[in-house]
Amino acid sequence: MSGVIDMGAHLTSRTRDPGAPPATTPPVTLLHARTAYDYEFIAARLHDQYLLHTSVAVSVFRTPLLAVPVGGRRRGGGMEAGPVGLALAIRDALLERDGFPGLRIRAIRSWDEPLHWVVEWGEHPPTHATDQERARFYGVRDRTRPSWPPPGAS
């Protein structure tokens, strides 16, 4: 089960003990896209390669992960964030960047996992889609292309 949570209502309804220390969120740093841990993995699958030029590595806890903007065939994007404070920090870091319209955070919960948050941008992802439709939405290369070298070649 997943759903969108209105963060304005969610955050204003929480109360904090005035004597408690302020909550800390790890810093989010934006780096050159090629420093992302998953750069090669995503670059090899991305249909519109020019999007890599405006992509950015989002570094939290010293592990930069690639955030790819929308454009071409890619209609939306997103990344796992974990706790809500981190999701808000990632969203805020991407706010001023071109190619990341409609930045939002969404809570995800399933029966076997605790609540966690994702940061999304662009159009809302399809909820009931085939793997091929979902891949097209995120701008992933068509898997039906023949591979090179052909299987069995040495």
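You'll find the structure just up there.
Each value, and the rule that gives it
Residues numbered from 1 in each chain as written. Predicted model: local features only at pLDDT ≥ 70, side-chain atom pairs only at ≥ 80, totals over all residues. Heavy atoms only, no water. Helix = DSSP H or I, 4+ residues; strand = E, 2+ residues; numbered from the N terminus. Core = buried A, V, L, I, M, F, W, Y, C linked by side-chain atoms within 4.5 Å. Buried < 20%, exposed > 50% of the residue type's maximum accessible area, 1.4 Å probe, protein only. Contact = heavy atoms within 4.5 Å. Phe/Tyr/Trp six-rings, centres within 6.5 Å; stacked < 30°, edge-to-face > 60°. Lys NZ or Arg CZ within 6 Å of the ring centre and 35° of its normal.

J.: Before we go on, may I ask you to explain unusual backbone geometry in this structure?
T.: Although it is not a glycine, Phe-61 sits at a positive phi angle of roughly 55°. Mapping Phe-61 onto the fold places it in the loop between strand 3 (56-60) and strand 4 (63-67).

J.: It is not clear to me how the nonpolar core should be interpreted in this structure. Could you clarify?
T.: One broad trend across soluble globular proteins is that nonpolar side chains are buried collectively. Grouped together as the largest cluster of nonpolar side chains are 20 residues, with contacts concentrated most on Val-58, Ile-90, Leu-94, Val-119 and Trp-121. With 6 residues, helix 3 (residues 84-94) is the largest single contributor of residues to this core. Apart from the residues lying within four places of it in its own chain, the contact partners of Val-119 are Gly-77, Gly-78, Met-79, Ala-81, Ala-87, Ile-90, Arg-91, Leu-103, Arg-104 and Ile-105. Residues Ala-33, Leu-46, Ala-57 and Leu-66 belong to the second largest nonpolar core, which totals 10 residues.

J.: Please clarify how the packing of aromatic side chains should be interpreted in this entry.
T.: Aromatic rings in a pair are described by how distant their centres are and how their planes are angled relative to each other. Scanning the model with the defined rule gives 2 aromatic pairs in all. Judged by centre distance (5.0 Å) and plane angle (65°), the ring pair of Phe-100 and Trp-121 falls under edge-to-face. Within this pair, whereas Phe-100 is found in the loop between helix 3 and strand 6 (104-110), its partner Trp-121 is found in strand 7 (residues 113-122), the two being separated by 21 residues in sequence. Measuring from ring centre to ring centre gives 4.8 Å for Phe-137 and Tyr-138, while their planes differ by 90°; the resulting arrangement is edge-to-face. Taking NZ or CZ as reference, Arg-45 lies 3.7 Å from the ring centre of Phe-41, over its face.

Without other data, these values stay purely geometric and don't point to any function.
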